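Descriptive structure summary
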Amino acid sequence: AQQRARAAPGSPGSVVAMAQRKSRASSHDASGSVFSVTRLLRQPDQAFLNCMKQAFELVLNEFERTPEYLSLYIDSKLKRGKSQVPEHELDGLFGNCVQVFRYLRDKDVFEKYYKGHLSKRLLTGRSISDDAENQFLGKLKAECGYQFTNKMEGMFKDLKISKELLQKYKLFLKTRTPALPPPPFDLSV
């Protein structure tokens, strides 16, 4: 344990060492109680925060399927159904998800899975709302830029065009000559 506590500065293992140094330096507060974690969190050292961030990033990226699971989590929250999140809680949820996303190394893998999940939600009509979808895409755009979300935003444009064309087609079917029988199928996307 002592060797781990003496890990190189800036390495994830040095988080333990910093916590130990802080606890020794301020092992008693004014009331004489033992060092508390809450006191450490009230006035964190910048080096300690950097080590915590590095440790979080290391743990998060250790598992190669993290981008897929983050996308699945977001998908489950944006689908209509049991795990649907109320509209007023979406902003906080999206903020937390973008914070986790920030630490991902494989952002392109997340993009691949998220695009697939988004397309399924849009095509099956199971998305809770277009506003919620656009809200999350806006947060991704702010984090990664226009190029990252361009294709996903294109899905919404394509869906809108498809709906307009379907309405025009249905109007055409109503106004055409009655000599032709109606088609035996319904088109919808």
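Everything that follows concerns the structure shown earlier in this document.
Here is a short report on the structure shown in this document. (Residues numbered from 1 in each chain as written. Predicted model: local features only at pLDDT ≥ 70, side-chain atom pairs only at ≥ 80, totals over all residues. Heavy atoms only, no water.)

1. As for the packing of aromatic side chains
In this structure the tally under the stated criterion is seven aromatic pairs. Plain terms: the ring middles of F63 and Y69 are 5.8 Å apart, the flat faces sit at 25° to each other, and that makes the pair stacked. With relative accessibility at 41%, the residue Y69 sits in the partly exposed group. A centroid spacing of 5.3 Å and a plane angle of 55° characterise the contact between Y114 and F136, whose relative ring orientation is tilted. On the criterion of sequence distance, the pair formed by Y114 in helix α7 (residues 107-124) and F136 in helix α8 (residues 130-144) is long-range, its members being 22 residues apart. The exposure classification of Y114 matches that of F136, with both residues buried. Among the aromatic residues, those joined into a cluster by ring pairs are F94, F101, F110, Y114, F136 and F148. If you follow K107 out to its NZ or CZ, it ends over the ring of F101, 5.2 Å from the centre. (Phe/Tyr/Trp six-rings, centres within 6.5 Å; stacked < 30°, edge-to-face > 60°. Buried < 20%, exposed > 50% of the residue type's maximum accessible area, 1.4 Å probe, protein only. Helix = DSSP H or I, 4+ residues; strand = E, 2+ residues; numbered from the N terminus. Lys NZ or Arg CZ within 6 Å of the ring centre and 35° of its normal.)

2. Section: the pattern of salt bridges
A complete count under the given rule lists nine salt bridges for this structure. Put simply, D75 and R121 hold a salt bridge, and the shortest N to O gap is 2.5 Å. In this pair, D75 sits in helix α5 (residues 66-78) while R121 sits in helix α7, placing the two residues 46 residues apart along the sequence. (Salt bridge = Lys/Arg side-chain N within 4 Å of Asp/Glu carboxyl O.)

3. Structural notes on the side chain of T149
In this structure, T149 sits in helix α9 (residues 146-175). Not counting residues up to four positions away in its chain, the partners in contact with T149 are L137, L140 and K141. (Contact = heavy atoms within 4.5 Å.)

4. Quick word on the environment of R65
On the secondary structure map, R65 appears in the loop between α4 (46-62) and α5. Take R65: its relative accessible area is 37%, and that puts it in the partly exposed class. The sequence separation of R65 and F110 amounts to 45 residues, and the corresponding C-alpha distance is 9.3 Å.

5. Quick word on the packing of α5 against helix α6 (residues 90-102)
As a packed pair, α5 and α6 sit with axes 11 Å apart at the nearest point and diverge in direction by 170°. In terms of orientation, α5 and α6 fall into the roughly antiparallel class. Residues L70, Y73, I74, K77 and L78 of α5 lie in contact with α6, whose contacting residues are L90, L93, F94, C97, V100 and F101. Among the residues forming the contact of α5 with α6, the class breakdown is ten nonpolar, no polar and one charged. (Axes fitted to C-alpha atoms, helices over the stretch in contact; angles between N-to-C directions. Parallel < 35°, antiparallel > 145°, perpendicular 65-115°, else oblique. Nonpolar A, V, L, I, M, F, W, Y, C, P; charged D, E, K, R; others polar.)

6. Let's talk about α5
With 13 residues, α5 should cover 18 Å at 1.5 Å per step; its first-to-last C-alpha distance of 18 Å lies within 8% of that length. Among the residues of α5, those classed as buried are T66, P67, E68, L70, S71, I74, D75, K77 and L78. On its buried face, α5 is in contact with α4, α6, α7 and α8. (Expected span 1.5 Å × (residues − 1).)

7. Here's the deal with the nonpolar core
The biggest cluster of nonpolar side chains holds 26 residues, and the ones touching the most others in it are I74, L78, L90, F110, Y114 and F136. Of all the elements in the fold, those that place two or more residues in this core are α5, α6, α7, α8 and α9. Element by element, the count of residues in this core is highest for α6, at six residues. The residues touching Y114, leaving out its near neighbours within four places in the chain, are S71, I74, L78, R121, E133, F136, L137 and M152. (Core = buried A, V, L, I, M, F, W, Y, C linked by side-chain atoms within 4.5 Å.)

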